[in-house]
Amino acid sequence: NAGVMQNPRHLVRRRGQEARLRCSPVKGHSHVYWYRQLPEEGLKFMVYLQKENIIDESGMPKERFSAEFPKEGPSILRIQQVVRGDSAAYFCASSPNVRGGETQYFGPGTRLLVL
Amino acid sequence: ELKVEQNPLFLSMQEGKNYTIYCNYSTTSDRLYWYRQDPGKSLESLFVLLSNGAVKQEGRLMASLDTKARLSTLHITAAVHDLSATYFCAVGGGQNFVFGPGTRLSVLP
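Residues numbered from 1 in each chain as written. Chains lettered and ligands numbered in written order. Predicted model: local features only at pLDDT ≥ 70, side-chain atom pairs only at ≥ 80, totals over all residues. Heavy atoms only, no water.

Section: the interface of chain B and chain A
Put simply, an interface is often sized by how much accessible area is lost when its parts join up.
At step 1: With 21 residues of chain B at the contact, the number on the chain A side is 21 residues.
At step 2: Together chain B and chain A conceal approximately 1,500 Å² of surface at their shared face, both sides included; 47% is due to carbon and sulfur atoms.
At step 3: Seen at the junction of chain B and chain A, the total is 0 salt bridges.
At step 4: The tally of links from chain B across to chain A stands at 4 residue pairs in polar contact (both at pLDDT 80 or more).
At step 5: Sorting the residues of the side of chain B that touches chain A by element identifies strand 4 (32-37), strand 5 (43-49), strand 9 (85-93) and strand 10 (96-99) of chain B as the ones contributing at least two each.
At step 6: Its residues placed into classes, the side of chain B that touches chain A shows 8 nonpolar, 10 polar and 3 charged. (Contact = heavy atoms within 4.5 Å. Buried area = accessible area lost by both parts, 1.4 Å probe. Salt bridge = Lys/Arg side-chain N within 4 Å of Asp/Glu carboxyl O. Polar contact = N/O pair within 3.5 Å; in protein donor to acceptor, adjacent residues only side chain to side chain. Helix = DSSP H or I, 4+ residues; strand = E, 2+ residues; numbered from the N terminus. Nonpolar A, V, L, I, M, F, W, Y, C, P; charged D, E, K, R; others polar.)

Notes on unusual backbone geometry
At step 1: That bond from Asn7 of chain A to Pro8 of chain A is cis: its omega, 0 degrees, falls within 30 degrees of zero.
At step 2: Residue position: Pro8 of chain A is located in the loop between strand 1 (5-7) and strand 2 (10-13).
At step 3: In this structure, Pro8 of chain B follows Asn7 of chain B across a cis peptide bond, with omega equal to 0 degrees.
At step 4: Looking at the element boundaries, Pro8 of chain B is found in the loop between strand 1 (4-7) and strand 2 (10-14).
At step 5: Unusually for a residue other than glycine, Glu52 of chain A sits at a positive phi of about 65 degrees.
At step 6: Assignment of secondary structure puts Glu52 of chain A in the loop between strand 5 (43-50) and strand 6 (53-56).
At step 7: Overall, the relative accessible area of 56% leaves Glu52 of chain A in the exposed class.
At step 8: If you check the backbone angles, Ala78 of chain B has positive phi at about 50 degrees while not being a glycine.
At step 9: Inspection of the secondary structure puts Ala78 of chain B in the loop between strand 8 (71-76) and strand 9.
At step 10: For Ala78 of chain B, a relative accessible area of 24% puts it in the partly exposed group. (Buried < 20%, exposed > 50% of the residue type's maximum accessible area, 1.4 Å probe, protein only.)

Next comes the structure, spelled out in structure tokens:
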């Protein structure tokens, strides 16, 4: 029974390029969350998705960032025209039920470095 | 807006000693979570506390929740080096799920 999977684990991009981060939730989980963690800091909520729907994107920057969770396939966090300040660890989590009612299971994270 | 605070933010303690980490939150919630994170690793779920007065224990860690005081504690008994990590509390309910800043624990021999 695989846990949350994220890939790539490490991603290096130059300023202005695009970054695509993928997250496959625990099998049977229909709720996905993305968080960003800057070095030496806690996790900041970005977006909460269910299949084909964005439920809450209040933590996501309005420009350059987008997320989706299609009917088939992994959830994708996309960052366009990356800047150095986007360098961080991006964690995906999933839960089987409504947000807040169940513990969230975290993936290993994608560490993005923007040169 | 839900805010979550932890203290201390940094903690060095000797092996064998006891200590408590505190987690305060600003608005009513009856769900609180504790996670552990090792350097460069992901988050591991430790405890889920779902009601006032809930107490859970696993090994040398014990967590409790007082929803009236909006306070959770994570108590460490007879610390060992393997407990060195960053501990996060998170408070959630409905659309809100907010992490505290973390407490970085170092257990010294």
